[in-house]
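Here is what each chain is made of, one letter per residue.
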Amino acid sequence: MTDTPLTGFPEGEFAAFSTAKMSFFLPYTENTTPADLNQFFDRDIIHVTITPDKQLEIALPDSEIQLASYGQILSKFTNGKYKVIDADYYHKNFNDPIVDQNDRGIL
């Protein structure tokens, strides 16, 4: 067998972050509306609950429950997975946000 640039990588799905693939983000703040959440989570919204202390509980099947507090960022990846991150994590692992001329985010 000849070595290729992919020698040593798994042949199936594996966990890694890439800026080459599009990822979507929603900062979770006091100004986040139910409409924002519905648009972001789409059909997965049925697995999201707002707790009495205003945290978001994300409980997708076959995934660990995640809690998001104000000031954190909800991230959605092309493989359908979600991760709650903070701004430091974002800046270490992703490119600058894609925004329009009014500095508004683009989905």
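Reading guide: rules and limits
Per chain, residue numbering runs from 1 following the sequence as it is written. It should be noted that, the model being predicted, local features are given only for residues of pLDDT at least 70 and side-chain atom pairs only at 80 or more, the latter also being counted only at that level, while totals for whole chains, interfaces and linings use all residues. In computing side-chain values, all of the structure's heavy atoms are included and hydrogens and water are not. Labels follow the DSSP assignment, with helices taken as runs of H or I lasting at least four residues and strands as runs of E lasting at least two, numbered in each case from the N terminus. Throughout this description, buried means an accessible area under 20% of the type-specific maximum (1.4 Å probe, protein chains only), exposed means over 50%, and partly exposed covers the range between. Here, a strand pair is defined by DSSP locating no fewer than two bridges between the strands. To get an axis, fit a line to the C-alpha atoms, keeping to the stretch in contact for a helix; angles then go from 0 to 180 degrees between the N-to-C directions. Note on aromatic contacts: the rings of Phe and Tyr and the six-membered ring of Trp form a pair at centre separations within 6.5 Å, being stacked when their planes are under 30 degrees apart, edge-to-face when over 60 apart, and tilted otherwise.

Draft legend 1. How the structure looks around the overall build of the protein. Looking only at helices and strands, one finds two helices and six strands in the protein. In the protein, the succession of helices and strands from N to C terminus is β-α-β-β-β-β-β-α. Burial statistics for the protein: of 107 residues in total, 22% are counted as buried.

Draft legend 2. Layout of the sheet that holds strand E4 (residues 66–68). Spatially, the three strands line up as an open sheet ordered E2-E3-E4, and their pairing is antiparallel. Because the sheet does not close on itself, it has two edges, and the strands there are strand E2 (48–50) and E4. Going from strand to strand, the sheet's axes swing by 20 degrees on average, the running direction of each strand aside. Of the strand pairs in this sheet, E2 and strand E3 (residues 56–58) are connected by three bridges, and their pairing is antiparallel. Of the residues in E3, the one forming a bridge with Ile50 is Leu56.

Draft legend 3. Region of interest: the pairing of strand E6 (residues 82–85). As judged from the four bridges shared by strand E5 (residues 72–76) and E6, these two strands associate in the antiparallel manner. Residue pairing in the sheet places Leu74 in a bridge with Val84 of E6. Counting the residues between successive antiparallel strands, the hairpin from E5 to E6 contains five residues, one of them, Gly80, with a positive phi of roughly 85 degrees.

Draft legend 4. Fine view of the packing of aromatic side chains. Across all of its chains, the model carries four aromatic pairs by this definition. Between Phe41 and Tyr82, the aromatic rings sit 5.0 Å apart at their centres with planes inclined by 40 degrees, giving tilted as the arrangement. Of this pair, Phe41 sits in helix H1 (residues 34–41) while Tyr82 sits in strand E6, placing them 41 residues apart in sequence. Clustering of aromatic rings is evident, with ring pairs tying together Phe40, Phe41 and Tyr82.

Draft legend 5. Representation of unusual backbone geometry within the structure. Of note, the phi angle at Asp42 is positive, near 50 degrees, even though the residue is not glycine. Position of Asp42 relative to the elements: it lies in the loop between H1 and E2. Positive phi values are uncommon outside glycine, yet Lys54 reaches one of about 70 degrees. By secondary structure assignment, the location of Lys54 is in the loop between E2 and E3. Since its relative accessible area comes to 46%, Lys54 is described here as partly exposed.

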